[in-house]
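These are the residues of each chain, in order.
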Amino acid sequence: MLHVYWGTDRESAREKSEKAFSTLQSKRSEAEVIVFDSDSWDVEKIKELIRAQGLFEKKYIIRITYALDKKERIEEFDSLIEDLGKSENAFVVLEESFLAPQKKKIEKHAFSYDEFAQKKKKFEENIFALADAYGAKDKKNLWLLYTQFMRKGIPPEELHGILLWQVKSITATYKAKTSDEAGMKEYPFSKAKRFARNFTEEENSAHYDELIALYRNAHQGKYDLGVALERFMLRV
């Protein structure tokens, strides 16, 4: 049984996942709880738990929380979605985002799922210009736009999300020949395809890993996200 909650509104997504977990615990009071996160992800162990059944039919509740922070982990999870949905054990997954093809799989195989998008504030500037500056590899304009948006009060988390979206969009174009294959609309796909010429696949993958790490480390209190993002942009 699979329960999946995701979105840029992390607080709401986490709240819903906690509610699902509590409900499962009340129904399966004898179930053993196992947790996987970014530091403890183990795909082979998860495969075992998909099939596993505890002593005297005691089942498991498995929580997967913000663990899909590497490309290979996303691919591993994608390959397991159907089996997770069929498992007698309960899997509660909390993530920030999924690509469109993964969302379709989740919708097909999950017992419950929901996306929580952060409410957009109205700004005169189009913050997607930041994504375009990244895609164009225009370091100067990227930094100028970033500092302007920060002065306007746009949270660094939102700007981080825009950059991560662009990196993911570019990633999707490396293997997909059409927008349908990438699970994207035609206009953003064609832009991302054009931007992909400015980055090698390895370079874009490294940027993805770095952006994921920046967010995680900042929210663990290791440094300020706004400052770390600015340094990232100066290296693009």
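Below, the structure is looked at part by part. As the structure is a prediction and not an experimental result, all values here were calculated from the model.

1. Regarding the overall build of the protein
Next up, step 1: Within the protein one finds 11 helices and five strands.
Next up, step 2: Its C-alpha radius of gyration of 19 Å places the protein within 12% of the 18 Å reference for a compact globule of 236 residues.
Next up, step 3: Oriented by its inertia axes, the alpha-carbon framework of the protein measures out at about 65 × 40 × 30 Å.
Next up, step 4: A total of 236 residues make up the protein; the buried ones form 44% of that total.
Next up, step 5: Nonlocal contacts in the protein, meaning residues at least 24 apart in sequence, comprise 77% of its contacts between residues at least 6 apart.
Next up, step 6: Surface exposure of the protein reaches about 12,900 Å², of which carbon and sulfur atoms provide 50%.

2. Considerations on the side chain of lysine 168
Next up, step 1: Counting through the fold element by element, lysine 168 comes out in helix H7 (residues 156–173).
Next up, step 2: Every residue in contact with lysine 168, bar those within four places of it in the chain, is listed here: Ser97, Leu99 and Tyr208.

3. Brief notes about the pattern of salt bridges
Next up, step 1: Considering all chains together, one arrives at 13 salt bridges under this definition.
Next up, step 2: Residue glutamate 96 is joined to arginine 10 by a salt bridge in which the shortest nitrogen-to-oxygen separation is 3.0 Å. One end of the pair, glutamate 96, is in the loop between strand S4 (90–95) and helix H4 (100–109); the other, arginine 10, is in helix H1 (residues 10–27), and 86 residues separate them in sequence.
Next up, step 3: Accessibility expressed as a relative area gives 14% for glutamate 96, which makes it buried.

4. Some remarks on the packing of helix H2 (residues 43–51) against helix H3 (residues 71–86)
Next up, step 1: Between H2 and H3, whose axes approach to 11 Å, the crossing angle comes to 5°. It follows that H2 is roughly parallel to H3 by the angle criterion. Only Glu76, Leu80, Asp83 and Leu84 of H3 make contact with H2, whose side of the interface consists of Val43, Ile46, Lys47 and Ile50.
Next up, step 2: Of the residues contributing to the contact of H2 with H3, the split by class is five nonpolar, no polar and three charged.

5. Examining the environment of lysine 108
Next up, step 1: Looking at where lysine 108 falls in the secondary structure, it is placed in helix H4.
Next up, step 2: Taking the C-alpha atoms as reference points, lysine 108 and glycine 85, 23 residues apart in sequence, are found 8.9 Å from one another.

Rules and cut-offs
Residues numbered from 1 in each chain as written. Predicted model: local features only at pLDDT ≥ 70, side-chain atom pairs only at ≥ 80, totals over all residues. Heavy atoms only, no water. Helix = DSSP H or I, 4+ residues; strand = E, 2+ residues; numbered from the N terminus. Rg over C-alpha atoms; globule rule 2.2 N^0.38 Å. Buried < 20%, exposed > 50% of the residue type's maximum accessible area, 1.4 Å probe, protein only. Contact = heavy atoms within 4.5 Å. Areas by Shrake-Rupley, 256 points an atom, 1.4 Å probe, with all protein chains shown as cover. Salt bridge = Lys/Arg side-chain N within 4 Å of Asp/Glu carboxyl O. Axes fitted to C-alpha atoms, helices over the stretch in contact; angles between N-to-C directions. Parallel < 35°, antiparallel > 145°, perpendicular 65-115°, else oblique. Nonpolar A, V, L, I, M, F, W, Y, C, P; charged D, E, K, R; others polar.

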